[in-house]
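Architecture at a glance
Given next are the chains, with one letter for each unit.
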Amino acid sequence: MDLKRIFRKTVRILLPLALGVILLWYLYRNEDFGGIMNVVKKGVRYDVLLLSLVFGLAANTVRGLRWSMLIDSLGRRVSRRSAIYAIWGNYAINMALPRVGEIWRCGVMAKHEGIPFAKLLGTLFVDRIMDTLVVASLTACLCVFNIGFFRDFFAENPPVFIATLYAMASSAWTYVTLAVLALALWYVFAKLRRLTAVRKALDLFLNVWEGVRSLWKIERRTHFALQTLLIWGGYFLYFYITFFAFDFTRDLGVRIALIAFAMSSIGVAVPVQGGIGVWHFMVISTLVAFGTEASDAAAFAMVVFAVQSAWVILTGLFGIVALSLANRNGKPAR
């Protein structure tokens, strides 16, 4: 049993990482590494890159405050410090195990704050839904004013998931399957609710739904919206400031930076460690589309991703240790 568990965990780590590395190799296989290394050694203002890191940490800190506000709406005030540390640790863990960081932060907060894990999972859904709405809205707005770029990009790189969704939507079997599933769920919960397993599943669903409803219970919704803007404003500056560290990107302007930022955000959503490979592809493709040399774009993606990933890991490890120390007596520091 232990061997099976070890095997599953190993696959969960290595499979997405391997896919990301393969894509990374594909992107860089024909690039001039001599030119890239010349940029890395002489063409980067690392002081500017270090400045950008402050905004990434600030955005994640505000995310922790926003998450604590969601949890508060469940009826119990939680430690702001613990929520912030949990968010920092979340991203470090995701660098090793994609999406596991979210489960970890809910678990560790459940342990230290005495709140049901399923309810915290519901607040996590709200957190991620807000992210999706922001990225989707930003991308939609950029599409309106930069339709040529997005049309050409998706024509040359048709996303598989969009083609799959279209195929599913065009098939009558999709609707038959959904109807059968809905009927099966109704039968299970309406007719078999006395069974222990069904009762537990229903309780889990209700607890998760309670967490999702936390958004409607927030008293300071304006504050929540402001924090959301601060989070994504911080993420944008985290990315945009890096443009000024390179001679070939410093004059591209805010519009192109916003497009590259939106594309990189889509890349990070892919369940691969840190979006490795996918993030590089999105950023490189965008910069090249607006006139940057391929080798320069590749150097930009390599340096920025490496520096920001190292920062995420360092601050995340600090958050994990600090969270443990802050709660070592069973009483979280407020």
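Below is a short write-up of the structure. In this convention, every chain numbers its residues from 1, walking through the sequence in written order. Local features in this predicted model are restricted to residues whose pLDDT is 70 or higher, and side-chain atom pairs enter the listing and the counts only when it is 80 or higher, whereas totals over whole chains, interfaces and linings include all residues. Values shown for side chains rest on all heavy atoms present in the structure; no hydrogens or waters enter the calculation.

1. A word on the overall build of the chain
Helix and strand definitions follow DSSP, with helices as H or I runs of at least four residues and strands as E runs of at least two, each counted in order from the N terminus. Looking only at helices and strands, the chain features 15 helices and zero strands. Each residue gets one of three labels from its accessible area relative to the maximum for its type: buried under 20%, exposed over 50%, partly exposed in between, using a 1.4 Å probe on protein chains only. The burial tally for the chain puts 43% of its 334 residues in the buried class. Contacts are assigned to residue pairs that have any heavy atoms within 4.5 Å of one another. Restricting to contacts in the chain with at least 6 residues of sequence separation, those with at least 24 account for 74%. All accessible-area figures derive from a Shrake-Rupley calculation using a 1.4 Å probe, and residue coverage is judged against the displayed protein chains alone. As presented, the chain carries roughly 18,400 Å² of accessible surface, and 70% of it is formed by carbon and sulfur atoms.

2. So, the nonpolar core
In this structure, Trp67, Met109, Phe243 and Phe246 are the most contacted members of the largest nonpolar core, which totals 69 residues. Take this core: its biggest share by element is eleven residues, from helix H15 (residues 294–326). Aside from chain neighbours lying at most four places away, what touches Met109 is Trp67, Ile71, Val78, Ser82, Ala83, Ala86, Gly114 and Leu120. We define the nonpolar core as a collection of buried residues of types Ala, Val, Leu, Ile, Met, Phe, Trp, Tyr and Cys that are connected through side-chain atoms lying within 4.5 Å of one another. Membership of the second largest hydrophobic core comes to eight residues, among which are Phe149, Phe150, Phe153 and Ala262.

3. Focus on the packing of helix H4 (residues 80–94) against H15
Axis separation between H4 and H15 bottoms out at 7 Å; the angle between their running directions is 135°. The orientation of H4 with respect to H15, classified from their angle, is oblique. Once H4 is placed against H15, the crossing between them reads as left-handed. Side by side, H4 and H15 meet where Ser82, Tyr85, Ala86, Trp88, Gly89, Tyr91, Ala92 and Ile93 of the first sit next to Val312, Ile313, Thr315, Gly316, Leu317, Phe318, Gly319, Ile320, Ala322 and Leu323 of the second. For helices, the fitted axis covers only the stretch in contact; all axes are lines through C-alpha atoms, and the angles between them, taken along N-to-C directions, range from 0 to 180 degrees. Any angle that falls under 35 degrees is termed roughly parallel, while one over 145 is termed roughly antiparallel, one within 65 to 115 roughly perpendicular, and all others oblique. Should the near helix be turned anticlockwise from the far one by less than a right angle, the crossing is termed left-handed; should it be turned clockwise, right-handed.

4. Regarding the layout of surface pockets
In this structure, the largest pocket spans a volume of roughly 1,000 Å³. Along the wall of the largest pocket there are 36 residues; nearest its centre are Tyr91, Trp232, Ser265, Val268 and Ala269. When residues of the lining of the largest pocket are traced back to their parent elements, those giving at least two are helix H3 (46–72), H4, helix H5 (100–113), helix H6 (117–145), helix H12 (221–240), helix H13 (253–268) and H15. Among the elements that take part in the lining of the largest pocket, H6 stands out by supplying seven residues, more than any other. Classes in brief: Ala, Val, Leu, Ile, Met, Phe, Trp, Tyr, Cys and Pro nonpolar; Asp, Glu, Lys and Arg charged; the others, Gly included, polar. Partitioned by chemical class, the residues of the lining of the largest pocket number 20 nonpolar, eleven polar and five charged. Only protein atoms enter the 1 Å grid used here. Points where a 1.4 Å probe fits but cannot escape make up a cavity, open sets with protein on both sides within 12 Å along at least five of seven lines make up a pocket, and a residue lines them when an atom lies within 4 Å of a point. Grid points are joined across faces, edges and corners, and a volume is the space filled by probe spheres set on the points.

5. Examining the packing of aromatic side chains
Stacked, edge-to-face and tilted are the three classes for Phe, Tyr and Trp ring pairs, Trp counted by its six-membered ring, which pair at centre distances within 6.5 Å; planes under 30 degrees apart are stacked, over 60 edge-to-face, the rest tilted. Enumeration according to the criterion identifies 17 aromatic pairs in this entry. Above the face of the Trp67 ring, Arg105 is positioned so that its terminal group lies 4.6 Å from the ring centre. We count a charge as sitting over a ring when the NZ of a lysine or the CZ of an arginine lies within 6 Å of the ring centre and within 35 degrees of the ring normal.

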